[in-house]
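# Chains, contacts and geometry: an overview
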Amino acid sequence: TEQLINDFIQHCGEMGSQWGFNRTVGQMFGLLLLSEVPLTAQEIADRLSISRGNVSMALKELQSWQVIKVQRYPDDRKDYFTTLDDIWDIAHAVFEERRRREVVPTLNILEKSVDELKESGKAPYARARMEEALNLLSGIDHWAGQLQTLSQEQLQSLMKLGRGINKVLNLTKKKSKDE
């Protein structure tokens, strides 16, 4: 059991760069996610064999992602760290932060570039491609924003539809071809 937990924590560290942060932050997130009780910075450092300085910086990063919280106990001056209680809340926080860090800046540069290229009348091919990218990314962002407004139960129902959506779309496609 302990080996499986360690493997998961190590995997979270390896995935850190894919998720937008470094190995230590990923490992700490994995550890906190699986810990039944909140942990102090020293406990995290000891468990992962990393320095307290690394732990402090990584905790700040996880707090900026809004996926962990600090708990304090009466007559105890230490801070204790844990993840958000609900895995869906964690997913929502990660999604929003990635959107803020990646999607919004890309949308902004595409909008600005398309506007400037329209005004100048130059580089029509580049402008057209940027408009295509802008339309696609805007659509995805809008759709994802709509998903964020759904309740956990609604999202689970939507996810369960799975291939059912594809079947409906294929039926609609076939029906329109027949007409």
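The rules behind the values
- Residues numbered from 1 in each chain as written.
- Predicted model: local features only at pLDDT ≥ 70, side-chain atom pairs only at ≥ 80, totals over all residues.
- Heavy atoms only, no water.
- Phe/Tyr/Trp six-rings, centres within 6.5 Å; stacked < 30°, edge-to-face > 60°.
- Helix = DSSP H or I, 4+ residues; strand = E, 2+ residues; numbered from the N terminus.
- Buried < 20%, exposed > 50% of the residue type's maximum accessible area, 1.4 Å probe, protein only.
- Salt bridge = Lys/Arg side-chain N within 4 Å of Asp/Glu carboxyl O.
- Arc of directions from axis to C-beta.
- Contact = heavy atoms within 4.5 Å.
- Core = buried A, V, L, I, M, F, W, Y, C linked by side-chain atoms within 4.5 Å.
- Expected span 1.5 Å × (residues − 1).
- pLDDT = per-residue confidence, 0-100.
- Pairing = 2+ DSSP bridges.

Turning next to the packing of aromatic side chains. Using the criterion set out here, one finds 2 aromatic pairs in the structure. For the pair phenylalanine 21 and tryptophan 65, a centre-to-centre distance of 5.4 Å together with 85° between the ring planes defines the contact as edge-to-face. Taken together, the residues phenylalanine 21 in the loop between helix H1 (2–19) and helix H2 (23–34) and tryptophan 65 in the loop between helix H4 (52–64) and strand E1 (68–71) connect sequence positions 44 residues apart. The buried category is assigned to phenylalanine 21, whose relative accessible area is 13%. When its relative accessible area of 2% is taken as the criterion, tryptophan 65 is described as buried. Look at tyrosine 73 and tyrosine 80: their rings are 4.9 Å apart centre to centre, the planes differ by 75°, and that puts the pair in the edge-to-face class. On the basis of relative accessible area, tyrosine 73 is assigned to the partly exposed category, the value being 37%.

Per the stated rule, a full pass over the model turns up 12 salt bridges. In this structure, the salt-bridge partner of aspartate 141 is arginine 99, at a minimum N-O distance of 2.7 Å. Here the residue aspartate 141 occupies a position in helix H6 (residues 124–148), and arginine 99 occupies one in helix H5 (residues 87–120), the gap between them amounting to 42 residues. Salt bridges sharing partners connect three or more residues here, namely Glu61, Glu97, Arg100 and Arg101.

Among the residues of helix H3 (residues 41–48), Ala41, Ile44, Ala45 and Leu48 are the ones counted as buried. All buried residues of H3 project into a common sector of 100° when viewed along the axis, lining one side. In this structure, the buried residues of H3 make contact with H1, H2, H4 and strand E2 (80–83). Of the residues flanking the end of H3, it is serine 49, one or two places downstream, whose phi is positive at about 55°.

Now for the nonpolar core. Judged by nonpolar contacts, the single largest core of 23 residues is most densely connected at Met28, Leu32, Ile44, Val55, Leu59, Leu62 and Val67. Mapped by element, the contributors of at least two residues to this core are H2, H3, H4 and H5. Element by element, the count of residues in this core is highest for H2, at 5 residues. If you look at the next biggest cluster of nonpolar residues, it comprises 5 residues, including Leu110, Val114, Leu134 and Leu137.

Turning to H6, a few remarks are in order. In this model, H6 (25 residues) spans 35 Å end to end at C-alpha, consistent with the 36 Å of a helix rising 1.5 Å per residue. Along H6, the residues that are buried comprise Leu134, Leu137, Asp141, Ala144 and Leu147. At its buried positions, H6 is contacted by H5 and helix H7 (152–161).

Attention shifts here to the confidence of the model for the chain. In this model, the chain carries a mean pLDDT of 92, and residues with pLDDT of at least 70 account for 95%. Element-level mean pLDDT values for the chain span from 72 in helix H8 (residues 163–178) up to 98 in E2.

Quick look at the pairing of E2 now. Burial along E2 is two-sided: Tyr80 and Thr82 facing one way and Phe81 and Thr83 facing the other are all buried. Strand direction decides the pairing type here: E1 and E2, joined by 4 bridges, are antiparallel. By the bridge assignment for E2, isoleucine 68 is matched with threonine 83.

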